[in-house]
Amino acid sequence: MSPSDLSAPLPLPVRSDELLSRLAIRRSASAQLLAQPGPSDAEVEQMLLLGARTPDHGKLFPWRFVVLGPQSRIELSEALAVLGETQNRTGKEIASLAKLANPPLTILVVSTPIEGHKVPVWEQQLSAGAVCMNLEHAANALGYSASWITDWYSYDPAAVALFGVEDGESIAGFIHVGSLTEPSLERPRPNLEHKVTVRP
Ligand SMILES: Cc1cc2nc3c(=O)[nH]c(=O)nc-3n(C[C@H](O)[C@H](O)[C@H](O)COP(=O)(O)O)c2cc1C
């Protein structure tokens, strides 16, 4: 991961019908269905570089990544199952841990906003969300499917501590990555008539 040359002009965007058509069918996977193959180490590095190339007000980079390989996720899901039992979590909540344990690769995106900065915390958190979305795009561009998941263990203080998430930080999402053996079904999309206001 080398620092970029800040004096080099970047090419202007050019129309890409391939990118447009890919974006038009972009779709998250069901995390439970993500199977091998997953990204290689070089592809993970590429995903992180592209994920980090995300707008953020003030160049604060108010987020960080935790790359969770299969072994760490098995151990974490076992620890979360024990924690969940002590908290009387529902069977559905315990079963949701399979989404964490099974995919070939998971990248945890942690929002790390600076409190009291002139850039509002909300904007810093939005940047972490943009990182998650860019990671999904990068995974898709490499030919993988991805799923952005939070679930109960993203909000429970004892659970987030197991992932090394510290005070003042929060989980923006677990980006699970792998391959699907069957295509996803389409998902309802909003009627833009109800979502768009156009002013002259
Ligand atoms: C911030 C965020 C959190 C999510 N958390 C969960 C979750 O906890 N469990 C889950 O099944 N899906 C979760 N999802 C995924 C959505 O339920 C849904 O699968 C996804 O947004 C599908 O969108 P797409 O097909 O347009 O990619 C989450 C999505 C986002 C953006």
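In the block above lies the structure referred to throughout.
We now turn to the structure provided with this report. Since the structure is predicted, the reported quantities are computational estimates derived from the model, not experimental observations.

### Examining the packing of aromatic side chains
Next up, step 1: Tallied over the full model, the rule gives 6 aromatic pairs.
Next up, step 2: Each ring, one from W152 and one from Y153, has its centre 5.6 Å from the other, and the planes form 80°; the classification is edge-to-face.
Next up, step 3: When its relative accessible area of 0% is taken as the criterion, Y153 is described as buried.
Next up, step 4: In textbook terms, an aromatic cluster arises when at least three aromatic residues are bridged by ring pairs, as seen for W152, Y153, F163 and F174.

### A short note on the environment of V14
Next up, step 1: Within the secondary structure, V14 sits in the segment before helix 1 (17-24).
Next up, step 2: Under the relative-accessibility criterion, V14 is labelled exposed at 73%.
Next up, step 3: Spatially, the C-alpha atoms of V14 and V131 are 23 Å apart, while their sequence positions differ by 117 residues.

### Describing the site of the ligand
Next up, step 1: Contacts to the ligand come from R26, R27, S28, K99, W148, I149, T150, D151, R187 and R189.
Next up, step 2: Residue R189 places a side-chain N or O atom 2.6 Å away from an oxygen atom belonging to the ligand.
Next up, step 3: Tallied by class, the residues present in the shell around the ligand amount to 2 nonpolar, 2 polar and 6 charged.

Here is what the cut-offs are and how they apply
Residues numbered from 1 in each chain as written. Predicted model: local features only at pLDDT ≥ 70, side-chain atom pairs only at ≥ 80, totals over all residues. Heavy atoms only, no water. Phe/Tyr/Trp six-rings, centres within 6.5 Å; stacked < 30°, edge-to-face > 60°. Buried < 20%, exposed > 50% of the residue type's maximum accessible area, 1.4 Å probe, protein only. Helix = DSSP H or I, 4+ residues; strand = E, 2+ residues; numbered from the N terminus. Near = heavy atom within 4 Å. Polar contact = N/O pair within 3.5 Å; in protein donor to acceptor, adjacent residues only side chain to side chain. Nonpolar A, V, L, I, M, F, W, Y, C, P; charged D, E, K, R; others polar.

No statement about biological role is implied by the geometric values presented.
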